[in-house]
Amino acid sequence: MKNILDPDAVRNFQHLLEKHEKIVLTCHMRPDGDAVGSVLGLWHVLKAIGKDVSVVVPDRVPRSLQFLPGVRQIAVNTQYDPYCARLVNEAGLIIMCDFNTASRQGELAALIQGAQADKVLIDHHRLPEIKCNVMFSFPDMSSTCELVFRLIAACGLYNKVDKAAATCILTGMITDTQNFTVNCNNTEIYEILMRLLEKEVDKKKIVDEALKSTSYNALRLNSFALLERLQIFEKSRCALIVLSKKDLDNFNYQKGDTEGLVNMPLEIRGIVYSIFMREDDDCIKVSTRSKYDFPVCDICSDLFDGGGHLMAAGGEFHGTLQECKDIFIEHIADYDKFLPKKLENLEIN
Ligand code: 5GP
Ligand code: MN
């Protein structure tokens with residue numbers, strides 16, 4: 001495996017680890033497998049080298065990730081904010097994982113950004129805008145967990161990765177690559193997979209828990225969304241799913257129930273990108289995915305105050321669901337120029 005990390009940055013990171021005993025690890029709100037996997041993976045390794053380390057996350061970890069070893073030790077800011085504030089304020093070092101702008105931490109952002117601690121960012125989103133002492137930012141990487149593994153290896157700590165740490169790290173790689181089906185052409189990720197499997201990780205269990213553990217209601221909601229709420233824009237090769245609060249209530253929606261829904265329309269031959277709008281309590285959550293390097297991140301940053309990766313991005317809209325949909329439809333043709341030419345004659349059916 002090539003060492004692609006900047007040796008100076010690795011050295012600076014090692015110095016920070018030597019300098020500080022109290023360390024806080026944190027990630028973005030609505031945490032996914034890569035966010036929780038990266039902080040918990042690091043947590044296990046830093047504990048193994050004797051650090052006083054805590055994990056503080058903005059809001060609850062979804063049910064599909066509750067199997068991760070160490071998950072019960074996580075401090076959730078929406079549930080125990082005085083405790084989280086104490087941990088953050090006492091920390092000498094804060095390691096931020098899997099986000100590129102402070103706003104991705106919601107209400108936790110002010111506490112983390114205002115803390116006096118030294119800070120490290122470990123992330124794979126484009127255009128990071130976070131102040132820190134040391135930054136590891138690799139937008140081409142499959143996942144933040146891949147980066148965490150590389151960093152642990154570069155620090156000579158591979159032998160401190162036990163089964164629990166390996167399980168967390170592999171979970172992020174599996175969820176961000178949809179079990180090695182997207183973002184997975186770099187041969188080195190299979191070398192990392194091999195190293196993690198050598199730690200006796202149960203890969204099947206991770207896939208079952210993190211990717212295949214839907215509830216009956218969630219399956220029905222997703223089926224309803226595909227049957228009744230999916231609209232195809234043929235010329236733009238776009239699939240749009242819109243779910244209102246009422247739709248969600250009808251299926252007793254729980255957080256995480258629509259995870260993965262946005263990917264499904266990409267299975268239609270000829271569809272290039274998929275957009276999902278969900279009416280949450282505080283905003284319209286927009287989630288997008290694409291194929292053929294179509295830049296859905298541009299749609300999210302232009303229209304929905306968001307961003308992310310080239311082919312997996314998201315944002316938020318503050319207004320009604322109808323307004324959100326209208327804005328997108330008004331601008332949809334602007335993005336036709338990014339459609340791959342080779343599909344021009346392929347019918348969607
Ligand atoms: P998801 O569709 O799974 O919620 O998010 C996919 C990716 O889009 C995330 O990894 C993240 O990079 C990005 N993303 C999602 N929501 C937002 C958002 O509200 N703001 C920004 N800047 N990025 C987001
Ligand atoms: Mn990620």
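Summary of the structure given here. Just so it is clear, the model here is predicted, and its values are computed rather than measured. (Residues numbered from 1 in each chain as written. Chains lettered and ligands numbered in written order. Predicted model: local features only at pLDDT ≥ 70, side-chain atom pairs only at ≥ 80, totals over all residues. Heavy atoms only, no water.)

## A closer look at the site of ligand 1
Near ligand 1 you find 14 residues, and of these His125, Lys285, Ser287, Arg289 and Gly314 are the closest. Contact between ligand 1 and His125: an oxygen atom at 2.7 Å from a side-chain N or O atom of the residue. Elements with a contribution of two residues or more to the shell around ligand 1: strand E10 (284-290), strand E11 (307-308) and strand E12 (312-317). Here the element with the most residues in the shell around ligand 1 is E12; it accounts for 5 residues. In terms of residue class, the shell around ligand 1 is made up of 2 nonpolar, 8 polar and 4 charged. (Near = heavy atom within 4 Å. Polar contact = N/O pair within 3.5 Å; in protein donor to acceptor, adjacent residues only side chain to side chain. Helix = DSSP H or I, 4+ residues; strand = E, 2+ residues; numbered from the N terminus. Nonpolar A, V, L, I, M, F, W, Y, C, P; charged D, E, K, R; others polar.)

## Here's the deal with empty space enclosed by the protein
The final tally for this structure, using the stated rule, is 1 cavity of 30 Å³ or more. As a volume, the largest cavity reaches approximately 40 Å³. Elements represented by at least two residues in the lining of the largest cavity include exactly helix H1 (7-19), helix H2 (33-48) and helix H5 (144-154). Considering each element in turn, the lining of the largest cavity owes the most residues, 3 residues, to H2. (1 Å grid on protein atoms, 1.4 Å probe; cavity = no way out; pocket = protein on both sides within 12 Å on 5 of 7 lines; lining within 4 Å. Points joined across faces, edges and corners; volume = space filled by probe spheres on them.)

## Details of helix H11 (residues 296-303)
When H11 is considered as a whole, its buried residues turn out to be Val296, Cys297, Ile299, Cys300 and Leu303. Each buried residue of H11 lies within a common arc of 160° when the element is viewed along its axis, so the set occupies one face. Of the surrounding elements, those touching the buried residues of H11 are strand E9 (273-279), E10, E11, E12 and helix H12 (321-331). Just downstream of H11, Asp305 is the residue with a positive phi angle, here 50°. (Buried < 20%, exposed > 50% of the residue type's maximum accessible area, 1.4 Å probe, protein only. Arc of directions from axis to C-beta. Contact = heavy atoms within 4.5 Å.)

## Some thoughts on a negative patch on the surface
Together, Asp302, Glu323, Asp326, Glu330 and Asp334 make up a negatively charged patch on the protein surface. Element by element, the count of residues in the negative patch is highest for H12, at 3 residues. Here Asp334 is to be found in the segment after H12. For Asp334, a relative accessible area of 39% puts it in the partly exposed group. (Patch = residues over 30% accessible without salt bridge, like charges linked within 9 Å, V, L, I, M, F, W, Y side chains within 5 Å. Areas by Shrake-Rupley, 256 points an atom, 1.4 Å probe, with all protein chains shown as cover. Salt bridge = Lys/Arg side-chain N within 4 Å of Asp/Glu carboxyl O. Lys, Arg positive; Asp, Glu negative; His and termini not counted. Charge placed at Lys NZ, Arg CZ, Asp CG, Glu CD.)

## Structural notes on the coordination of the manganese ion (ligand 2)
On the protein side, the manganese ion (ligand 2) has Asp34 (OD), Asp98 (OD), His124 (NE2) and Asp176 (OD) as donor atoms, found 2.2 to 2.5 Å from it. Using a relative accessible area of 0% as the deciding quantity, one classes Asp34 as buried. Accessibility expressed as a relative area gives 1% for Asp98, which makes it buried. (Donors = N, O, S within 2.8 Å, 3.2 Å for Na, K, Ca; no water.)

## A few points about unusual backbone geometry
Phi at Arg237 is positive, roughly 55°, even though this residue is not glycine. Position of Arg237 among the secondary structure elements: in the loop between strand E7 (230-233) and strand E8 (238-243). Its relative accessible area of 7% is what places Arg237 among the buried residues. Although it is not a glycine, Asp293 sits at a positive phi angle of roughly 60°. One can find Asp293 in the loop between E10 and H11.

## Quick look at the sheet that holds strand E2 (residues 52-57)
Sheet architecture is open: 6 strands sit in the order E3-E2-E1-E4-E5-E6, paired in parallel fashion. Each edge of the open sheet is held by one strand with a lone partner, namely strand E3 (75-76) and strand E6 (134-137). Inspection of the sheet shows strand E5 (residues 118-123) paired to E6 by 4 bridges, in the parallel sense. What sits directly across from Val120, in E6, is Val134. Lying over the sheet, H2 contacts strand E1 (22-26), E2, strand E4 (93-97) and E5, oriented at roughly 170° with respect to E2. Against the sheet, H5 makes contact with E4, E5 and E6, and its axis sits at roughly 120° relative to E5, the strand it touches most. (Pairing = 2+ DSSP bridges. Axes fitted to C-alpha atoms, helices over the stretch in contact; angles between N-to-C directions.)

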